[in-house]
Amino acid sequence: MAAAPQITRYSTLSELIVNGIMVSNRIKKDKDVTELYLAHRNLTDVHDLKRFPYLMILWLNGNQLRYITCLSTNFRLCELYLHDNKLTEIPGALRHLTCLRVLMLHNNQLTKLEKVLSELQKMLSLQTLSLFDNPIALEPEYRLFVIHKVPSLSLLDRQGEKEYANNYLKNSPIHENPEEAILNRRLKKSLTLFTSFDWSKIPRFLQRRTSDNVFGEPAIVTRVYR
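Below or above, wherever it landed, is the structure these notes cover.

### As for the pattern of salt bridges
Next, step 1: Taken as a whole and judged by the stated rule, the model has three salt bridges.
Next, step 2: Notably, a salt bridge pairs Glu119 with Arg95, separated by 2.6 Å at the nearest N-O pair. Of this pair, Glu119 sits in the loop between helix H2 (113-118) and strand S5 (128-130) while Arg95 sits in the loop between strand S3 (79-81) and strand S4 (102-104); the two residues are 24 residues apart in sequence, bridging distant segments of the chain.
Next, step 3: A relative accessible area of 1% places Glu119 in the buried class.
Next, step 4: Residue classification places Arg95 among the partly exposed residues on the basis of a relative accessible area of 42%.

Quick look at the structure:
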């Protein structure tokens, strides 16, 4: 039977749980840990998991976490489950996890949608994301903004993105792809028009005096700003 890892009185609850998991599964080396299940443990914080360099799947859902600081070097993570916690923000906590394909953040207390999405900008492989049951999900046109900022997504909040983009307005036409739907949405936003004359094709005074040709009027150029 594997000997229990040495535990000091300074160990956190999460460390005690992790060590117990390793003992029960007879795992002796940290590098052999690729999946870690810490869900529903009533954790308020988690110690840094840098000891597990090959960790790929991590469950932390169903706890009492208000922040995430435990993933400083876990660059190989491809699935991360953080739903059903009390997270209010995630600045700097996830942006380095560029291999993530699945990220579950629903049922938290996340605010400021733009800051949340800034954490995901480098996750070019992110395919599945859940953010529902957060205050950010109530922001105007939330879904379209997320789709635009994270184009790699194929599933957001349990709904396919092409399907949603095609139905973002009840009376909108069907679009071939989400980009067309987003463009159509932008066209419906308020516009600023700037009109000017294009004199480049109008001859100078001397040319008009010495030529028998009939010249037209200057073209009107209208620029649209959104």
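There's plenty left to go through after this.
### A short note on helix H1 (residues 13-24)
Next, step 1: If you check H1, its first and last C-alpha atoms are 17 Å apart, about what twelve residues at 1.5 Å a residue would give, namely 16 Å.
Next, step 2: Within H1 the residues assigned to the buried category are Ser14, Ile17, Val18, Asn19, Ile21 and Met22.
Next, step 3: Contact partners of the buried residues in H1: strand S1 (35-37).

### With respect to the packing of aromatic side chains
Next, step 1: The tally for this structure, following the rule as stated, stands at two aromatic pairs.
Next, step 2: Considering the side-chain rings of Tyr37 and Trp59, the 5.6 Å spacing of their centres and the 55° angle between planes classify their relative orientation as tilted. Residue Tyr37 is found in strand S1, and its partner Trp59 is found in strand S2 (residues 57-59); the two are separated by 22 residues along the sequence.
Next, step 3: The partly exposed category is assigned to Trp59, whose relative accessible area is 22%.
Next, step 4: Considering the side-chain rings of Trp59 and Tyr81, the 5.6 Å spacing of their centres and the 5° angle between planes classify their relative orientation as stacked. You can see Trp59 sitting in strand S2 and its partner Tyr81 sitting in strand S3, a full 22 residues away along the chain.

### Re the environment of Leu97
Next, step 1: Following the sequence through the fold, Leu97 ends up in the loop between S3 and S4.
Next, step 2: Sequence spacing of Leu97 and Ser72 is 25 residues, and the spatial spacing of their C-alpha atoms is 9.1 Å.

### Observations concerning the side chain of Asn134
Next, step 1: Checked against the element boundaries, Asn134 lands in the loop between S5 and helix H3 (142-149).
Next, step 2: Residue Asn134 is classed as buried on the basis of its relative accessible area of 4%.
Next, step 3: Here the side chain of Asn134 touches Asn108 through a polar contact of 3.2 Å, landing on its backbone nitrogen.
Next, step 4: Once residues lying within four places of it in the same chain are set aside, the contact partners of Asn134 are Leu105, His106, Asn107, Asn108, Gln109 and Leu110.

### Some words on the state of the cysteines
Next, step 1: For the coordinates displayed, the defined rule picks out zero disulfides.
Next, step 2: No disulfide involves Cys78; its nearest neighbouring cysteine sulfur is the one of Cys99, lying 7.9 Å away.
Next, step 3: A residue is classified by how much of its surface remains accessible, and Cys78, at 5% relative accessible area, is buried.

### A few points about the environment of Val46
Next, step 1: Tracing the backbone shows Val46 in the loop between S1 and S2.
Next, step 2: C-alpha of Val46 to C-alpha of Cys70: the two residues are 24 residues apart in sequence and 5.9 Å apart in space.
Next, step 3: With near-sequence residues (within four places) excluded, Val46 lies in contact with Ser14, Leu38, Leu60, Leu65 and Cys70.

### Structural notes on the nonpolar core
Buried together is how nonpolar side chains tend to be arranged in soluble globular proteins.
Next, step 1: Counting 45 residues, the largest nonpolar core has Leu71 and Leu94 as the members making the most contacts within it.
Next, step 2: Considering every element that reaches this core, the biggest residue donor is H1, with four residues.
Next, step 3: Excluding residues within four positions of it along the chain, Leu71 makes contact with Leu49, Leu58, Leu77, Leu80, Leu94, His96 and Leu97.
Next, step 4: Within the second largest apolar cluster, five residues are counted, among which are Cys78, Tyr81, Val102 and Met104.

Each value, and the rule that gives it
- Residues numbered from 1 in each chain as written.
- Predicted model: local features only at pLDDT ≥ 70, side-chain atom pairs only at ≥ 80, totals over all residues.
- Heavy atoms only, no water.
- Salt bridge = Lys/Arg side-chain N within 4 Å of Asp/Glu carboxyl O.
- Helix = DSSP H or I, 4+ residues; strand = E, 2+ residues; numbered from the N terminus.
- Buried < 20%, exposed > 50% of the residue type's maximum accessible area, 1.4 Å probe, protein only.
- Expected span 1.5 Å × (residues − 1).
- Contact = heavy atoms within 4.5 Å.
- Phe/Tyr/Trp six-rings, centres within 6.5 Å; stacked < 30°, edge-to-face > 60°.
- Polar contact = N/O pair within 3.5 Å; in protein donor to acceptor, adjacent residues only side chain to side chain.
- Disulfide = S-S within 2.5 Å.
- Core = buried A, V, L, I, M, F, W, Y, C linked by side-chain atoms within 4.5 Å.

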